[in-house]
Amino acid sequence: MGTTKRRSPLTDWTVLVPVVALVALVFSWGRDLPGFAVVLVALCLAGAVLAAVHHAEVVAHRVGEPFGSLILAVAVTVIEVALIVTLMADGGDKTASLARDTVFAAVMITCNGIVGVSLLVGALRNRVAVFNPEGSGAALATVATLATLSLVLPTFTTSKPGPEFSTAQLTFAAVASLALYGLFIAVQTVRHRDYFLPVDTGRGADQPDDRQGDRQGDQQGDQQGDQQGRGDHAVPPTARAALLSLGMLLVALVAVVGDAKAVSPTIETAVAKAGLPQAVVGVIIALLVLLPETLAAVRAARRDRVQTSLNLAYGSAIASIGLTIPAIALASIWLSGPLLLGLGAVHMVLLALTVVVSALTLAPGRATLLQGGVHIVVLAAYLFLAVSP
């Protein structure tokens with residue numbers, strides 16, 4: 001009589017929308033879609049993105065930082081790789097630079113877009129956004145090294161004409177990328193996990209003491225670190241709810257990338273009719289795939305967990321290069337046509353500017369609106385030059 005009827009989690013919109021988006025993927029796969037169908041698939045795509053953000057946050061709350069950010073970054077990147085390989089297999093020579101364009105776009109969007117917006121949101125909330133310079137700086141160094149090895153060096157090597165690696169060079173780049181990615185994951189999740197936990201701003205913004213935080217982390221152990229990483233005092237979801245969200249996260253991400261592929265012919269046609277460079281297709285793919293992480297990073301920044309936002313941004317950039325290059329190297333065994341990886345002069349300048357600005361932003365362990373605005377301007381310059389090279 002006085003009981004409240006509980007709603008089944010299977011009827012929640014965050015469960016229904018990914019399933020509907022997956023059904024839309026099944027019916028649209030390999031078909032030439034009319035205009036209204038493209039609109040419907042695009043709506044399903046947007047709903048799947050929002051559902052993916054919700055489920056990623058549930059999983060992150062259960063496992064704590066930095067594992068929550070890692071799960072979303074790796075899941076998105078694995079499916080991004082599948083999308084790139086699929087499009088390259090279908091596109092022939094015109095997609096020879098698609099992997100380079102998409103990976104570089106992911107680096108610029110994460111290191112400037114996600115970082116910039118997160119710093120803006122964090123600074124608007126507390127005047128100063130506070131984070132761990134040790135962990136974020138190590139992540140930036142990894143991004144810079146991976147990007148240089150995989151995207152800059154092919155422009156200057158001489159074994160093959162053009163911005164290409166020889167087979168031996170591509171193999172070395174793939175092995176080095178995997179090794180560096182694995183080392184970063186070990187440091188982030190085991191060896192120096194405390195460097196990637198959100199900063200406890202309750203100590204006051206005027207006296208940040210990272211060494212004191214490290215000592216407290218060593219004394220109190222990983223359990224308290226997990227509680228700090230979650231950033232709130234809410235009861236974590238049950239193991240069953242977390243497993244359901246993990247499964248639905250994978251479903252939502254498959255639907256996101258699959259629906260993005262379904263509408264990609266329309267995007268390519270629109271890009272060609274508008275007279276835009278082919279590289280714009282890679283930018284659009286990266287924007288679509290990284291949308292869940294962008295929304296999750298902004299939500300984390302709004303909750304005063306800027307370090308979580310930076311974990312998402314740099315973790316996504318590292319995973320994008322560290323997993324994509326080895327996958328493309330393996331796929332090149334059966335993919336026909338050249339594989340152009342080397343960046344042009346303009347993009348190398350933008351990459352160098354991104355690394356320098358990011359280093360200056362991360363070094364103090366705190367940032368204001370200005371640093372966030374600088375990163376947004378760098379991203380805007382990249383997007384503008386992508387459209388008008």
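Residues numbered from 1 in each chain as written. Predicted model: local features only at pLDDT ≥ 70, side-chain atom pairs only at ≥ 80, totals over all residues. Heavy atoms only, no water.

Bringing the overall build of the chain into the picture now. Each helix and strand in the chain was counted, giving 12 helices and two strands. Starting at the N terminus and ending at the C terminus, the chain contains elements arranged as α-α-α-α-β-α-α-α-α-α-α-α-β-α. Looking at the chain residue by residue over its 389 residues, the buried ones come to 50%. Of the roughly 17900 Å² that the chain leaves accessible, carbon and sulfur atoms contribute 66%. (Helix = DSSP H or I, 4+ residues; strand = E, 2+ residues; numbered from the N terminus. Buried < 20%, exposed > 50% of the residue type's maximum accessible area, 1.4 Å probe, protein only. Areas by Shrake-Rupley, 256 points an atom, 1.4 Å probe, with all protein chains shown as cover.)

In this structure the tally under the stated criterion is two aromatic pairs. The interplanar angle of 80° and the centroid separation of 5.5 Å between the aromatic rings of F104 and Y382 together place this pair among those described as edge-to-face. Taken together, the residues F104 in helix α4 (residues 98–126) and Y382 in helix α12 (residues 369–387) connect sequence positions 278 residues apart. Judged by its relative accessible area of 2%, F104 is buried. With relative accessibility at 2%, the residue Y382 sits in the buried group. Where F184 meets F196, the ring centres are 5.8 Å apart and the plane angle is 90°; that geometry is what we call edge-to-face. Of this pair, F184 sits in helix α6 (residues 167–191) while F196 sits in the loop between α6 and α7 (210–230), placing them 12 residues apart in sequence. With relative accessibility at 7%, the residue F184 sits in the buried group. Accessibility expressed as a relative area gives 1% for F196, which makes it buried. (Phe/Tyr/Trp six-rings, centres within 6.5 Å; stacked < 30°, edge-to-face > 60°.)

Packed helices, taken two at a time, are described by their axes: the angle between them and the distance between them. The interhelical angle for the contact between helix α8 (residues 239–273) and helix α9 (residues 279–302), taken along N-to-C directions, is 155°, at an axis separation of 10 Å. In terms of orientation, α8 and α9 fall into the roughly antiparallel class. Note on packing geometry: the crossing formed by α8 with α9 is right-handed. Note on element contacts: α9 touches α8 through V280, V281, I284, L288, V289 and P292, opposite L253, V256, V257, A260, I267, E268 and V271. Looking at the contact of α8 with α9, its residues break down into 12 nonpolar, no polar and one charged. (Axes fitted to C-alpha atoms, helices over the stretch in contact; angles between N-to-C directions. Parallel < 35°, antiparallel > 145°, perpendicular 65-115°, else oblique. Left-handed = near helix turned anticlockwise from the far one by under 90°. Contact = heavy atoms within 4.5 Å. Nonpolar A, V, L, I, M, F, W, Y, C, P; charged D, E, K, R; others polar.)

In this section: the side chain of T324. Looking at where T324 falls in the secondary structure, it is placed in helix α10 (residues 306–331). A relative accessible area of 0% means that T324 is categorised as buried. Excluding residues within four positions of it along the chain, T324 makes contact with T77, V81, I84, V103 and A319.

Our next topic: the environment of L83. On the secondary structure map, L83 appears in helix α3 (residues 67–91). According to the relative accessible area criterion, L83 is buried, its value standing at 4%. Linking L83 and I285, residues 202 residues apart in sequence, is a C-alpha distance of 8.8 Å.

Grouped together as the largest cluster of nonpolar side chains are 84 residues, with contacts concentrated most on M88, Y314 and Y382. Setting aside residues no more than four positions away along its own chain, M88 makes contact with T95, A96, L98, A99, I328, L335 and L339. Of all hydrophobic cores here, the second largest spans eight residues; its members include A21, A24, C44 and A48. (Core = buried A, V, L, I, M, F, W, Y, C linked by side-chain atoms within 4.5 Å.)

A word on the pattern of salt bridges. Pairing between side chains of opposite charge can happen when their charged atoms approach one another. One pass over the structure, following the stated rule, counts two salt bridges. Note that D101 and R100 form a salt bridge whose closest N and O atoms lie 3.2 Å from each other. Each member of the pair, D101 together with R100, is buried. Between K160 and E164 there is a salt bridge, with its nearest N and O atoms 3.3 Å apart. Since its relative accessible area comes to 12%, E164 is described here as buried. (Salt bridge = Lys/Arg side-chain N within 4 Å of Asp/Glu carboxyl O.)

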